[in-house]
Structures are given as structure tokens and as C-alpha cells.
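# Observations on the three-dimensional arrangement
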Amino acid sequence: MKENTNLLLKIKGALYGVALGDALGAPLEFMTEEQIRSQYGRVTEMIGGGWLDVSPGEVTDDTQMTIAVADGILSRSDNPLPYIGRNFVRWINSGPKDVGNTCRVAISMAHRRGACTREEWMRVGRDTNDIMHGKTAGNGALMRTIYPILYYTGAQQRQMVADIGKMTHYNEESTTSCLLYAGLVEKALKGVSLSIRRNKEKHNPTGYVIDSYFCALDAVASTNTFEEAIIAAVNRGGDADTIGAIAGGLAGAIYGYDQIPPRWIGKLDPEIRCKLDYYAESAEENRRGNNDQNSFRNPSGGNRL
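I will try to describe carefully the structure that is included in this document. (Residues numbered from 1 in each chain as written. Predicted model: local features only at pLDDT ≥ 70, side-chain atom pairs only at ≥ 80, totals over all residues. Heavy atoms only, no water.)

## Some remarks on the overall build of the protein
Keep this limit in mind: Where helices and strands are cited, they refer to DSSP runs of H or I of at least four residues and of E of at least two residues respectively, numbered from the N terminus. The globule rule is 2.2 Å times the number of residues to the power 0.38, and the radius of gyration it is compared with is taken over C-alpha atoms. Residues count as neighbours in contact if any of their non-hydrogen atoms are within 4.5 Å of one another. The protein chains shown are the only cover counted for residues, whose accessible areas, like all others here, come from Shrake-Rupley with a 1.4 Å probe.
Across its full length, the protein carries 14 helices and 0 strands. When its helices and strands are written in sequence order, the protein yields α-α-α-α-α-α-α-α-α-α-α-α-α-α. Relative to a compact globule of 305 residues, whose C-alpha radius of gyration would be 19 Å, the protein shows 18 Å and is just as compact. Along the first, second and third principal axes, the C-alpha set of the protein runs to 55 × 45 × 40 Å. Intrachain contacts of the protein at a sequence separation of at least 6 include 75% that bridge at least 24 residues. Summing over all exposed atoms, the protein offers an accessible surface of approximately 13,000 Å²; the carbon and sulfur share of this is 46%.

## A closer look at the packing of helix α1 (residues 7–25) against helix α14 (residues 270–289)
Selection criterion: To obtain each axis, a line is fitted to C-alpha atoms, and for helices this fit is confined to the stretch in contact; angles are then taken between N-to-C directions over 0 to 180 degrees. Throughout, the term roughly parallel applies to angles under 35 degrees, roughly antiparallel to angles over 145, roughly perpendicular to angles from 65 to 115, and oblique to all others. Note: crossing handedness is left-handed where the near helix turns anticlockwise from the far helix by less than a right angle, and right-handed where it turns clockwise. Polarity classes work like this: nonpolar for Ala, Val, Leu, Ile, Met, Phe, Trp, Tyr, Cys and Pro, charged for Asp, Glu, Lys and Arg, and polar for all others, with Gly in that last group.
At their nearest, the axes of α1 and α14 sit 9 Å apart, and the two run at 140 degrees to each other. Considering the angle they form, α1 stands oblique to α14. Crossing handedness for the pair α1 and α14: right-handed. In contact with L7, L8, I11, K12, L15, Y16 and A19 of α1, α14 contributes R273, L276, D277, Y279, A280, E281, A283, E284, R287 and R288. Taken together, the residues of the contact of α1 with α14 sort by class into 10 nonpolar, no polar and 7 charged.

## As for the side chain of T242
Looking at the element boundaries, T242 is found in helix α12 (residues 240–255). Residues within four places of T242 in sequence aside, it is in contact with D62, N139 and M143.

## Some points on the environment of R236
We apply this condition: Pairs of N or O atoms within 3.5 Å make up the polar contacts considered here, provided that, within protein, one atom can donate a hydrogen while the other can accept it, and that residues adjacent in sequence are counted only when both atoms are side-chain atoms.
Along the chain, the position of R236 falls in the loop between α11 (226–234) and α12. Along the backbone, R236 and N204 are 32 residues apart, and their C-alpha atoms lie at a distance of 8.5 Å. Beyond its immediate sequence surroundings of up to four residues, R236 is in contact with M31, T32, E33, I36, K202, H203, N204, P205, C215 and D218. In terms of polar contacts, R236 uses its side chain to reach the backbone carbonyl oxygen of H203, at 2.5 Å.

## Describing the packing of aromatic side chains
Selection criterion: Only the six-membered ring of Trp is used, alongside the rings of Phe and Tyr, when aromatic pairs are assigned; centres must lie within 6.5 Å, and planes under 30 degrees apart are stacked while those over 60 apart are edge-to-face, with the rest tilted. Accessible area is worked out with a 1.4 Å probe on protein chains only. A residue is then buried under 20% of its type maximum, exposed over 50%, and partly exposed in between. When the NZ atom of lysine or the CZ atom of arginine is within 6 Å of a ring's centre and also within 35 degrees of its normal, the charge is said to sit over that ring.
Tallied over the full model, the rule gives 9 aromatic pairs. Pairing F88 with W121 gives two aromatic rings, centres 6.4 Å apart and planes at 80 degrees, and the pair type is edge-to-face. Residue F88 is located in helix α4 (residues 81–93), and its partner W121 is located in helix α6 (residues 118–131); the two are separated by 33 residues in the primary sequence. For the pair shown, F88 and W121 are each scored as buried. Aromatic side chains Y278 and Y279 sit 6.2 Å apart centroid to centroid with 50 degrees between the ring planes, which places their arrangement in the tilted category. Exposure remark for Y279: the relative accessible area of 1% places this residue in the buried category. A network of ring pairs unites the aromatic residues Y147, Y151, Y152, Y278 and Y279 as a single cluster. The lysine or arginine in question, K12, covers the ring of Y257, its NZ or CZ lying 4.1 Å from the ring centre. Here the guanidinium or amino end of K166 rests over the ring plane of Y170, the centre of that ring lying 5.2 Å away.

## Structural notes on the pattern of salt bridges
What counts, and what does not: Throughout this description, the term salt bridge denotes a Lys or Arg side-chain nitrogen within 4 Å of a carboxyl oxygen of Asp or Glu.
For the structure shown, the criterion picks out 11 salt bridges. Between E45 and R263 there is a salt bridge whose closest N-O contact spans 2.7 Å. Note that E45 is positioned in the loop between α2 (33–40) and α3 (61–75) and R263 in helix α13 (residues 262–265), a separation of 218 residues in sequence. Its salt-bridge partner being R287, residue E186 comes within 2.5 Å of it at the nearest N-O pair.

## Things to note about the side chain of T145
Within the secondary structure, T145 sits in the loop between α6 and α7 (146–151). Apart from the residues within four sequence positions on either side, T145 is in contact with V161, C178 and Y181.

## Things to note about α1
Filter applied, for reference: Each helix should span, by expectation, one fewer than its residue count multiplied by 1.5 Å.
A rise of 1.5 Å per residue sets the reference length of α1, with its 19 residues, at 27 Å; its end C-alpha atoms lie 27 Å apart and thus fit the reference within 8%. In terms of burial, α1 is a largely internal element, 17 of the 19 residues being buried. Two to three positions downstream of the cap, the backbone nitrogen of L8 sits 3.1 Å from a side-chain oxygen, assigning the N-cap of α1 to N6.

## A closer look at the layout of surface pockets
In this approach the atoms are scanned with a rolling probe the size of a water molecule, which exposes any empty space left behind. Cut-off, in case you're wondering: For cavity detection a 1 Å grid was placed over the protein atoms alone, and a set of points counts as a cavity when a 1.4 Å probe fits there but cannot get out; an open set counts as a pocket when protein lies on both sides within 12 Å along at least five of seven lines, with lining residues being those that have an atom within 4 Å of a point. Grid points are joined across faces, edges and corners, and a volume is the space filled by probe spheres set on the points.
Space inside the largest pocket adds up to approximately 340 Å³. The wall of the largest pocket is formed by 22 residues, among which G100, N101, G138, N139 and G207 lie closest to the centre. Those elements giving two or more residues to the lining of the largest pocket turn out to be α5 (101–113) and α12. For the lining of the largest pocket, the leading source of residues is α5, giving 3 residues. Looking at side-chain class alone, the lining of the largest pocket contains 6 nonpolar, 10 polar and 6 charged residues.

Structure representation (C-alpha cells):
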């Protein structure tokens, strides 16, 4: 892997990676690898279509929820969950094309309850897990977890990654996957050479978080460029948009924004590109100026989260 060493390019690469993996994979969602091969050969461009009938370059819930998280963090970085939650409710009420079942149940419950605080959202997460009889190990938290990894550092990063995921997916497998992913992305941001071993166990590209995590890692481990990683991730089909987004976040942090194909970037909505640029600059600025990386206190001396 020829890794980029510029922090801003890595952060920007990770954010764009999520959106581009999402957009490239969206038309292939729920198709099998054989169906993709038969209909398209090998998808390397933003083709559009699929069961969601997306336009070429159109993103889905993976990117939309990532944006909701980023906006919430930048609204109040020391206590972002109420703002992220408000964004989730506003997003689901806007009638998105695609919403995961666990996210739908949790966010709808939070809306009915008027959940506003971190503690209320944690209760929503726990109650959602109870209602769904523990079947909340989907990839809906992992797909949106890139921004707290990019923005925060140290213990605060780990706490935020876990808490933001638990808002909807109060599940040990989900939380563990998010934290493992955070560790890999953090190493990539710091320029630590990653040696990701291909998993010997065959994982199907399902929405189960463990499957999605290892399928995404395998795509990155088996390739040598950003473009190759995303193409490998989405052409397996299944939950292709989310697996593409997860692989894209890691591959973007490894290779950097300048290694992303411009033809893909040009297909994204200009408003989304503007948001991603702003989020990247804000995260880089926070990392550069964070003198106490493990502090949970806000500038006014507020309490620990």
C-alpha cells in the first residue's frame, strides 16, 4: 500500500471514500456477484439504477447518516448526541429512499418520546435492542462512524464512536466492530503502515455487521489502490453500498483524497462535496489544535459526558 502522509488529504479521502463507496455500490445492492457479472461484467463507474433507482453518483442512507453525525458533532462537539439525534429525526421524516430496520425503529421511537439528551438516546438504543430481541447487529452504526473517528482522538474518540453507534445499535458486536474499525482508520491517519491480513473465513456480503466489516477489510487488503478497493468491495453485491462505504472510509484514510478517481468525485452532488470539504477541514483543524486529546471537558469547564 502506497500511503499518503498528508493529514487533511487522509481525512478528506476517508469522507469522500464513504460517499463514493456508497454511490458506486447503491445500484448493486441485493444483487449477487453472479448477477452483477452477468448484467454488467464488472462495475467500475457510477452507473445508477438498482432497486432504489438511484441516479449515477447518488448517495443513500450511509452518506446521509454520516452527514447527520458530522453536522451534530460540529454543532456541539463536547455533547453531540442530542444534535445528532435531532438530525436523525429530521432525516427520517424527510422520507429517505432507504432506511435500515434497526435505525427506523430506534429513530421513530426517539421521535415519539421526544428524546433530547444523551441518556435518553441510550435508553432508546437499549429499548430498541429489547424490542428486536437482540437482533440489532446490523451495519447501520458502522456505516456512519467515520466522522467521530476523524474528528476526535484518544479516549474521547473511542467514547464517541461507541455512544453514537449505540443510539440505534445497542449491540456488542456492532460496538466492537465500530471500535476495531476506528483503530484501523486512526492508524492510517497517523501514517502507521497497515498490514491487514485477508480473512481466511469466507464472509458473505450481508448486512450483518461482522460480515460487512470483514468483506470491507478484505477488499482493502486484497488491493493496492483506492479505486481497486472500492471496486472489489461493491462487486460482491449483497449490501454493496454499505460495504463500499465502509471500505471507502478506510481506503480513503490510507491513500488520501488525491488518489481518488476525479471521474467519481465529479458524479457526487456539489452540495455534498461542499459539506465533505467543510467537515474535513473542521476535523483537521480540531486534531491540529487539540492540546489535551483525552479531555472530555468543554471550554467552559462542563462535566464529563
